[in-house]
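Here's the letter readout for the chains.
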Amino acid sequence: MTVADEVAGAAPPRRRRRFWLVGAGLVALLLAVTAVVAFRAGGGGDRPAAAPSPSPTAKPPLTTAQVYAALAPSVVSIRGAGNGTGVVANADGLVVTALHVVDGAKRIEITFPDGAAVPATLASRDPATDIALLLPERSPTLVVPAVLGNAGRLAVGEDVVAIGNQLGLVHSTTAGVVSGLERAATGTDGVRLRGLIQFDAAVNPGSSGGPLVNTRGETVGIVVALLNPTTAGTFVGVGFAVPIGAALAGGGGDSPGPPGPLQ
């Protein structure tokens, strides 16, 4: 074979290299296109699962001692037609209590937790709920409004605490559960009270007007009566409270039960 034949029968090395590079590029492009098609057809392939969002940590319920510590600065003693209890509802010292504690009284006096005894006037009264609002005639030295809750969220069996001046024992604190909702009963003046919370925390004369408190430290009701089939007027396991919303704005409900006065 002549030198001319060898030149004519074989491609120069530079051209072979160029062909090889072009072929390699086409293969790479084909593989890339195939990968894109596979990705779209398969929804992206296996992806790492998203980490679950941390759920908010629920606050543990307060103990009875913690509920008492939170509410004690807002609970007052009331002397009117009888002796009872009240709870401070706002920064002006407005006090919510049971109407029968002060109804017909010639003079009303509120004793705040710091010991200040302040005359008060009857700001409003609602016989339909046995609730009265009292306004001190002068601003007391220490005013700590209670945190007000939503009685509509209460459930039967839920823990509650009652604070009051039962039997003359100031700031007596008892614990129990909500034992019924939407109860109705006859009040001391013969008016049918409705929408009541039934509970089994001990209450007695002097407890009227005191707060019923949930385990978040929120006042959810105002104690107005107890049920006793005898004439003794002492607690036998069934107390009634007006939901705090009804106490401030009127209320309703339905269910039998004759409570007795607590004053």
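Numbers given to residues run from 1 along each chain, matching the order in which its sequence is written. In view of the model being predicted, local features appear only for residues whose pLDDT reaches at least 70, and side-chain atom pairs are presented and counted only at 80 or more, with totals across whole chains, interfaces and linings using the full set of residues. With hydrogens and water set aside, each side-chain value is computed from the structure's full complement of heavy atoms.

Peer 1: How would you explain the overall build of the chain if you had to name every residue and give the values?
Peer 2: Secondary structure is summarised from DSSP: a helix means a run of H or I of at least four residues, a strand means a run of E of at least two, and numbering begins at the N terminus for each. A tally of helices and strands in the chain yields 5 helices and 13 strands. Looking at the chain residue by residue over its 263 residues, the buried ones come to 40%. Pairs of residues are marked as contacts when any of their non-hydrogen atoms sit within 4.5 Å. For the chain, contacts bridging at least 24 residues in sequence account for 60% of all contacts bridging at least 6. Exposure was quantified through the Shrake-Rupley algorithm and a 1.4 Å probe, taking into account, for residues, occlusion by the shown protein chains and nothing else. Put simply, the chain shows about 14,100 Å² of open surface, and 59% of that area lies on carbon and sulfur atoms. Under the scheme applied here, a residue whose accessible area is under 20% of the maximum for its type counts as buried, over 50% as exposed, and between as partly exposed, the area being computed with a 1.4 Å probe on protein chains only.

Peer 1: An account of the sheet that holds strand β4 (residues 108–111) is needed here, citing residue identities and associated values.
Peer 2: The 6 strands are arranged β1-β2-β3-β6-β5-β4 in a closed barrel whose pairing can be described as antiparallel. Between one strand axis and the next, the sheet turns by 40° as a mean value, whatever way the strands run. Here, strands pair whenever DSSP counts at least two bridges between them. Across 3 bridges, strand β2 (residues 83–88) lies against strand β3 (residues 95–98) in antiparallel orientation. Its bridge partner being in β3, G86 is matched across the sheet by T97. Fitted lines through C-alpha atoms give the axes, limited to the stretch in contact for helices. The angle between two N-to-C directions lies from 0 to 180 degrees.

Peer 1: Before we move on, could you go through the side chain of T219 and cite the residues and values that matter?
Peer 2: The residue T219 is located in strand β11 (residues 219–227) in this model. The residues contacting T219, other than those within four sequence positions of it, are L71, V87, A146, V147, L148, G149, P211, L212, V213 and I244.

Peer 1: Break down the pairing of strand β12 (residues 239–243) for me, with residues and values.
Peer 2: Counting buried positions along β12 yields 5 of 5 residues, so the element is predominantly enclosed. Relative to β12, β11 runs antiparallel, the two being bridged by 5 bridges. Bridged to V223 within β12 is A241.

Peer 1: Describe unusual backbone geometry, and please don't skip the residues or the numbers.
Peer 2: Negative phi values dominate among residues other than glycine, just as trans dominates among peptide bonds. The backbone phi angle of L167 is positive, close to 55°, even though this residue is not glycine. Relative to the helices and strands, L167 is located in the loop between β7 (159–164) and β8 (172–186). Unusually for a residue other than glycine, E182 sits at a positive phi of about 55°. Judged by its relative accessible area of 46%, E182 is partly exposed.

Peer 1: Lay out the environment of G217 in plain terms, naming residues and giving numbers.
Peer 2: Following the sequence through the fold, G217 ends up in the loop between β10 (211–214) and β11. Sequence spacing of G217 and G149 is 68 residues, and the spatial spacing of their C-alpha atoms is 8.4 Å. Not counting residues up to four positions away in its chain, the partners in contact with G217 are L62, L71 and V147.

Peer 1: Which residues make up the pattern of salt bridges, and what values go with them?
Peer 2: Counted as salt bridges are all cases of a side-chain nitrogen of Lys or Arg within 4 Å of a carboxyl oxygen of Asp or Glu. Per the stated rule, a full pass over the model turns up 3 salt bridges. Residues R125 and D103 are paired through a salt bridge, measuring 2.9 Å at the closest nitrogen-oxygen approach. In this pair, R125 is assigned in strand β5 (residues 117–126) and D103 in the loop between α4 (99–102) and β4, connecting sequence segments 22 residues apart. Exposure remark for D103: the relative accessible area of 35% places this residue in the partly exposed category. Taking the shortest distance from any N to any O, the salt bridge between R216 and E218 comes out at 3.4 Å. For R216, a relative accessible area of 49% translates into the label partly exposed.

Peer 1: Give a detailed account of the nonpolar core, specifying residues and quantitative values.
Peer 2: Among the buried residues, those of types Ala, Val, Leu, Ile, Met, Phe, Trp, Tyr and Cys that are joined through side-chain atoms within 4.5 Å form a nonpolar core. In this structure, I78, V96, L134 and V224 are the most contacted members of the largest nonpolar core, which totals 40 residues. For this core, the element with the most residues is strand β6 (residues 131–136), which contributes 4 residues. Of all hydrophobic cores here, the second largest spans 15 residues; its members include L154, V160, V178 and V203.

Peer 1: Provide a residue-level description of the environment of S208, including the pertinent values.
Peer 2: The residue S208 is located in the loop between β9 (192–199) and β10 in this model. One polar contact links S208 to H100, side chain to side chain, over a distance of 2.8 Å. In protein, a polar contact requires one atom able to donate a hydrogen and another able to accept it; more generally it is a pair of N or O atoms within 3.5 Å, and residues adjacent in sequence count only if both atoms are side-chain atoms.

Peer 1: I'd like a rundown of the environment of G233, residues and numbers included.
Peer 2: With respect to the helices and strands, the residue G233 is situated in the loop between β11 and β12. For the pair formed by G233 and P205, sequence separation is 28 residues and the distance between their alpha carbons is 7.5 Å. With sequence-adjacent residues up to four places away left out, G233 is seen in contact with P205, L226 and N228.

Peer 1: How would you explain the pairing of β6 if you had to name every residue and give the values?
Peer 2: Within β6, 5 of the 6 residues are buried, which leaves the element mostly enclosed by the surrounding structure. Two elements, β3 and β6, share 4 bridges in a ladder whose sense is antiparallel. Among the inter-strand pairings, A98 is bridged to a residue of β6, identified as I131. Relative to β6, β5 is paired through 6 bridges, and the arrangement is antiparallel. Bridge pairing in β6 places R125 opposite A132. Between β5 and β6, which pair antiparallel one after the other, the connecting turn spans 4 residues, and D130 there sits at a positive phi close to 55°.

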